[in-house]
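Fold and contact review
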Amino acid sequence: MTARSKLVAANWKMNGNRADNERWLQQFRAQAPSCAVVVCPPYVYLSQVVQALAGTGCGIGAQNVSERPAGAWTGEVAAEMLVDCAVGWVIVGHSERRAFYNESNEVVARKAARAIEAGLRPIVCVGETLQEREQGRTQQVVAAQLEAVLQLCPAGQLLPGAIAYEPVWAIGTGRTASPEQAQEVHRAIRGQLAARDAEAAAAMRLLYGGSVKPANAAELFSQTDIDGGLIGGASLVAADFLAICAAAAH
Ligand code: PEP
């Protein structure tokens with residue numbers, strides 16, 4: 001028995017322009033998905049999405065946040081600034097940030113802590129590389145990533161945010177973790193949370209991300225510990241994203 005309702009988040013990554021976004025938003029508004037949704041556009045389009053989705057109940061998220069409070073950090077955006085712009089969520093620790101911008105487990109933890117301090121809901125991403133999986137280190141790597149966050153942010157404070165398990169080898173590759181592979185890691189994540197706070201563990205939404213498509217979403221979301229998805233490529237096409245939301249609503 002679980003009281004967790006499904007959540008589907010769209011990570012547009014560095015894609016979009018005002019005209020395409022408007023078309024996407026119109027299509028999205030016309031269908032009003034019946035599961036909880038968070039849309040995470042690039043920073044510069046956050047205000048467009050906030051305005052377009054006002055009153056829909058849909059959450060809006062940034063894809064990154066500074067690990068520091070406001071000050072002389074050119075090019076950075078503080079968590080409080082996002083809150084000031086009616087942004088409620090933020091993705092932290094996406095594997096592209098970890099791999100291409102050298103974000104360590106500790107940096108990701110500090111970003112999650114700043115997000116929480118400012119009143120944002122973090123979506124904390126964890127996941128192993130293909131090499132780490134092939135070396136049999138998946139659980140160890142994911143546990144260490146999560147542990148660093150839990151050192152700074154008690155599980156209860158991560159709520160009502162979410163944790164996204166995103167195997168790096170499945171992101172944007174068309175190669176999806178099998179429902180069993182994903183469930184195995186999700187179960188371990190929930191166990192790790194439960195060891196610290198059973199109540200928070202039971203309530204925490206654990207999202208799967210990695211080449212989720214309309215065709216594979218329902219099977220992934222039917223797993224006991226999979227509470228929705230973080231969707232990259234397929235979220236760029238409104239009809240596909242809506243189909244994934246529909247799979248979560250069943
Ligand atoms: C992501 O960017 O978080 C992601 C899961 O991408 P994709 O769905 O394209 O694999």
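Structure first, text after, so check above.
The notes below deal with the structure included here. On a predicted model such as this, the values are computed, not experimentally measured, just so you know. Throughout, residues of each chain are indexed from 1 in the direction in which the sequence is written. Two thresholds apply to this predicted model, a pLDDT of at least 70 for residue-level local features and 80 or more for giving and counting side-chain atom pairs, whereas whole-chain, interface and lining totals are computed over all residues. Only hydrogens and water are set aside; all other atoms, that is, all heavy atoms of the structure, feed into the side-chain values.

**Quick look at the pairing of strand β8 (residues 228-231)**
For clarity, the threshold we go by: The buried label goes to any residue with under 20% of its type's maximum accessible area, the exposed label to any with over 50%, and the partly exposed label to all in between, with areas taken from a 1.4 Å probe on protein chains only. A run of H or I in DSSP becomes a helix once it reaches four residues, and a run of E becomes a strand once it reaches two; helices and strands are each numbered from the N terminus. Whether two strands pair depends on DSSP finding at least two bridges between them.
Burial along β8 is two-sided: G228 and L230 and G229 and I231, pointing in opposite directions, are all buried. Sheet topology note: the strand β1 (residues 7-11)/β8 ladder contains four bridges and is parallel. Counterpart to L7 in the pairing with β8 is G228.

**A few points about the site of the ligand**
To be explicit about the condition: Nearness of a residue to a molecule or strand requires only that one of the residue's heavy atoms be within 4 Å of it. Pairs of N or O atoms are called polar contacts if they sit within 3.5 Å, as long as, within protein, a hydrogen donor faces a hydrogen acceptor (for residues adjacent in sequence, only side-chain-to-side-chain pairs). A 1.4 Å probe and the Shrake-Rupley method give the accessible areas. Residues count as covered only by the protein chains that appear here. Throughout, the ten residues Ala, Val, Leu, Ile, Met, Phe, Trp, Tyr, Cys and Pro are labelled nonpolar, Asp, Glu, Lys and Arg are labelled charged, and all others, Gly among them, are labelled polar.
Among the 14 residues in the neighbourhood of the ligand, the closest are listed as K13, E166, G172, S211 and G233. Residue H94 places a side-chain N or O atom 2.9 Å away from an oxygen atom belonging to the ligand. One of the backbone nitrogen or oxygen atoms of G232 is found 2.9 Å away from an oxygen atom of the ligand. Compared with its free state, where it exposes 290 Å², the ligand has 98% of that area covered by protein. The class makeup of the residues in the shell around the ligand is four nonpolar, eight polar and two charged.

**A look at helix α1 (residues 18-31)**
Defined as follows: Here a helix's expected span is defined as the number of its residues, less one, multiplied by 1.5 Å. Note that the arc is computed from the directions linking the helix axis to the C-beta atoms. The criterion used for residue contact is that any of the two residues' heavy atoms lie within 4.5 Å.
Relative to the 20 Å expected for 14 residues at 1.5 Å per residue, α1 spans 20 Å between its end C-alpha atoms, a close match to the ideal helical length. Inspection of α1 places N21, W24, L25 and F28 among the buried residues, and these make up the whole buried set. In an axial view of α1, the angular spread of the buried residues amounts to 100°, which keeps them on one side of the axis. Pointing more than 90 degrees away from the buried face of α1 are the exposed residues R23 and A30. Lining the buried residues of α1 we find β2 (36-40), α2 (46-52) and α12 (238-249). Just downstream of α1, A32 is the residue with a positive phi angle, here 40°.

**Some details on the packing of aromatic side chains**
To be explicit about the condition: Centre distance within 6.5 Å is the pairing criterion for rings of Phe, Tyr and Trp, where only the six-membered ring of Trp is used; planes under 30 degrees apart are then read as stacked, over 60 as edge-to-face, and the remainder as tilted.
All told, the structure shown has five aromatic pairs when counted by the stated rule. With a centroid separation of 4.9 Å and an interplanar angle of 75°, the aromatic rings of W12 and W24 are classed as edge-to-face. Here W12 is found in the loop between β1 and α1, whereas its partner W24 is found in helix α1, with 12 residues between them in sequence. Of the two residues, W12 and W24, neither departs from the other in class, the shared state being buried. Seen in terms of ring centroids, W24 and F241 are 5.7 Å apart; in terms of plane orientation they differ by 35°. Their pairing is tilted. One end of the pair, W24, is in helix α1; the other, F241, is in helix α12, with 217 residues separating them in the sequence. We classify W24 as buried; its relative accessible area is 4%. Judged by its relative accessible area of 0%, F241 is buried.

**Things to note about the nonpolar core**
The condition that has to hold: Side-chain atoms within 4.5 Å link the members of a nonpolar core, which is a set of buried Ala, Val, Leu, Ile, Met, Phe, Trp, Tyr and Cys residues.
Ranked by size, the top nonpolar core spans 69 residues in total, and within it I189, L193 and F221 carry the most contacts. Here this core takes seven residues from α12, the largest share from any one element. In this structure, L193 is in contact with L146, L150, A155, I163, A201, M204 and L206, ignoring residues within four places of it in sequence. In terms of nonpolar packing, the next biggest core, distinct from the first, is built from 12 residues, L7, I91, A162 and A164 among them.

**Observations concerning the state of the cysteines**
In a disulfide, the sulfur atoms of two cysteines are covalently bonded to one another. Under the convention used in this document: Any cysteine sulfur atom paired with another within 2.5 Å is treated as part of a disulfide.
One pass over the full model with this rule turns up zero disulfides. With no disulfide of its own, C35 lies 4.3 Å from the sulfur of C245, the closest cysteine sulfur. By relative accessible area, which is 0% here, C245 ends up buried.

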